[in-house]
Amino acid sequence: MARGKAVEVYNVSKRFGSYQALDQVSFTIHENEFFTLLGPSGCGKTTLLRMIAGFESPSEGAILLNGAEIETLPPHRRRVNTVFQSYALFPHMTLAQNIAFGLENLGWDRKRREARVAEMLELVHMTQFAARRPAQLSGGQRQRIALARALAPEPQVLLLDEPLSALDLKLRQAMRDELRSLQKKTGITFIFVTHDQEEALDMSDRICVLGEGRIQQLGTPAEIYEDPENRFVADFIGETNFLAAEVLSVEGDMARIRTPFGLEITARQKGLTGPGPATLSLRPEKIGMQSQADGHVLQGTVRGRNYMGGFTHYTVDVAGQPLRVSRRNALSHAESFEPGQTVSLGFREDSARVLAQ
Amino acid sequence: MTRAALKSFRLWGLVPAWALMGLTLIIPVAIVAGVSLADRGPYGGFNWALNVSSYREILFTMGWTDELEFDPKYLVIIGRTLAYGLATTAICMALSVPVAYVIANARENWKPFLVYLVTLPFWVSMIVRVYAWLIILGNEGLAEKTWKFFGGGDVDTFLFTPGAMLTGMVYSYIPLMVLPVYAAIEKLDPALLEASHDLYGNRWTTLRRVILPLTWPGLAAGAILVFVPAIGTVLEPMLLGGGKQMMMGTLIQTQFGGGRNWPFGAAIAMVLMAMVVIVLVLNARRAAAIAREMEP
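Criteria and thresholds
Residues numbered from 1 in each chain as written. Chains lettered and ligands numbered in written order. Predicted model: local features only at pLDDT ≥ 70, side-chain atom pairs only at ≥ 80, totals over all residues. Heavy atoms only, no water. Domains from an automatic or database assignment. Contact = heavy atoms within 4.5 Å. Buried area = accessible area lost by both parts, 1.4 Å probe. Salt bridge = Lys/Arg side-chain N within 4 Å of Asp/Glu carboxyl O. Helix = DSSP H or I, 4+ residues; strand = E, 2+ residues; numbered from the N terminus. Phe/Tyr/Trp six-rings, centres within 6.5 Å; stacked < 30°, edge-to-face > 60°. Buried < 20%, exposed > 50% of the residue type's maximum accessible area, 1.4 Å probe, protein only. Core = buried A, V, L, I, M, F, W, Y, C linked by side-chain atoms within 4.5 Å. Expected span 1.5 Å × (residues − 1).

### A look at the domain arrangement of chain B
Residue and element names in this part refer to chain B.
Stage number 1. Along its sequence, chain B is carved into domain 1 (1-71 + 262-296) and domain 2 (73-255).
Stage number 2. For domain 1 and domain 2, the distance between their C-alpha centroids amounts to 28 Å.
Stage number 3. Counting residues at the interface gives 20 residues for domain 1 and 16 residues for domain 2.
Stage number 4. Roughly 1700 Å² of surface becomes buried between domain 1 and domain 2 when both sides are summed, with 83% attributable to carbon and sulfur atoms.
Stage number 5. Summed over the three residues of domain 1 that lose the most area to domain 2, namely Ile268, Leu272 and Met275, the buried surface amounts to 29% of that side.
Stage number 6. Counting every contact that joins domain 1 to domain 2 gives 1 salt bridge.
Stage number 7. A salt bridge links Asp71 to Lys73; the nearest nitrogen and oxygen atoms lie 3.9 Å apart.
Stage number 8. Only α3 (53-59) and α13 (262-294) provide two or more residues apiece to the side of domain 1 that touches domain 2.

### Quick word on the packing of aromatic side chains
Residues and elements named next belong to chain A.
Stage number 1. In the structure shown here, the tally under the stated rule is 17 aromatic pairs over all chains.
Stage number 2. Look at Phe34 and Phe192: their rings are 5.7 Å apart centre to centre, the planes differ by 50°, and that puts the pair in the tilted class. Here Phe192 lies in strand β8 (residues 189-194) and Phe34 lies in strand β3 (residues 34-38), a separation of 158 residues in the sequence. Phe192 shares its class with Phe34; the two are buried.
Stage number 3. Ring geometry for Phe55 and Phe84: centres 6.3 Å apart, planes at 40°, overall tilted.

### Here we look at the nonpolar core
Stage number 1. One finds Val7(A), Phe27(A), Leu37(A), Leu48(A) and Ile191(A) to be the most contacted residues of the largest nonpolar core, which totals 41 residues.
Stage number 2. Residues Tyr87(A), Met126(A), Ile188(A) and Phe192(A) belong to the second largest nonpolar core, which totals 35 residues.

### Quick notes on helix α5 (residues 169-186) of chain A
Stage number 1. Compared with an ideal rise of 1.5 Å per residue, which puts 18 residues at 26 Å, α5(A) spans 26 Å between its outermost C-alpha atoms and is within 8% of the ideal.
Stage number 2. Residues Met175(A), Arg176(A), Glu178(A), Leu179(A), Leu182(A) and Gln183(A) constitute the buried set of α5(A).

### Quick notes on the pattern of salt bridges
A side chain of one charge can pair with a side chain of the opposite charge when the charged atoms of the two come close.
Residues and elements named next belong to chain A.
Stage number 1. Evaluation of the coordinates by the stated rule reveals 31 salt bridges over all chains.
Stage number 2. Notably, a salt bridge pairs Arg116 with Glu154, separated by 3.9 Å at the nearest N-O pair. Note that Arg116 is positioned in helix α3 (residues 110-123) and Glu154 in the loop between α4 (139-151) and β7 (157-161), a separation of 38 residues in sequence.
Stage number 3. Through salt bridges with shared partners, one network takes in Glu246, Arg256, Arg258 and Glu264.

Here you go:
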């Protein structure tokens, strides 16, 4: 699908004193895309967002908005709006005035402004609150108004800076779906910043994983989860078991390795060139237990158990190597394993991944 | 503590506070109020009485034929006092916002030092500081030299003009404005300014629609702190204004001094105090209205 480029980031670096916040970052965000910048705190994701908004400028490199250089444009001249982490609603204005603020500055006439404000309030289901002030709202309602205010001027790109982090769990779930459907409905490009990998996997068209000021991987949620580029991504997204392995040979994107259990397997690899030490990544839900053990079968002893309702997480000791295993409680009387019990585990080669150490 | 003990503590614990208020505020004001109703003594001083003639004197003079004639000369003084007070407040406000903004946005370790600089003049006696302006604005003073340096034409004198008086008043009271305005700007969430810029607001829009409304409580507090002492000021009109422009402060001073009319001086003082009280009441009402509006 050929789509226009909403934002292009070219070799952007940012230094704060001697601290390198971003190092040679390049990527392109398409029109109408839900794009997520994901990474731990201090990875540079917020800095990147603030550079697109115009609150910071890159030390090196360029940022293009709809094909045009924006370096010299101050924030108020960029057709980009932000949903701030703290929402930053104007406390002295009513909700309607908050939403109209951007429209007034763009010089929309009163009639058009009022229509747009009504439309926005409707969009976020807040019509009856128009005359209230931000202090009279709950967290989730403030969040909706912040969204309405940022969407009202029809920006080319909407920036969202961890907008869900201040909400409680239930609300966060609901807002995820709402954000997603808002993005589809409005057709505006969303750039979403978060450190919550679950949020990122749930909502994004594509995710850019940032770590230590660099892009670690850029891809769809499934690509990032199933085929992590390196150890950082495998570790940061979801849960995994890392096992030390020895590479015997590499052929294209497959590697023949020896695992600590003495098994020799062939699995997909990333970033390896030849024999030597490497890391085997095995996701807990991809290891079967007892009746579900499939592929390469190992014997182990249950060491710990965490009952999570829908799932039970086991820690199983295999030849002195602890393995995390996740088992879905599909039936109401699902079989359960006690610590100390001997169990058989199994995994298939095609769900294992070999990564550089 | 038992309930009764707590109650008696509340009652007796506040005795020192009430004593202080009584001795330094209520009793002196009551005395001044009493004097304003007294008869004028022949050689200064007064004799206790209940006589409103001092207040009548503010508006009327006794004509040759023993009839009261309306005379606005004291109303002019009251009006002038208000005008100078308002002008001083307005100028202080306009100058304080940028100063406070710079301090609030200074590096964290510079802020205490900059605030200290603002309060520094209070370490020197007010009279000395006003005298300093006498030298600066005087003949061949710094002001005149600077004026000539930049090619200004001949000037008679800067001293003893309304401008000199205003300069002195703004100088004296501006720290009282800078501090509350600084506190208000400091409290301002920087994300709100970013939100304004993000929503296409330029600097002027941001100042007018975000910064000013949100720092208004600080500006109002500063305005009260400046206006109240400014309308009671004595030194600036006397020294820098050369006594040419009579103000309420100087009027009171002359009535108790050379004029030897204590009851009239006391009556003017009561009018001045009433003006202050009115301003304070209006401010309290406005603050309450704002609090109601912002309330969840």
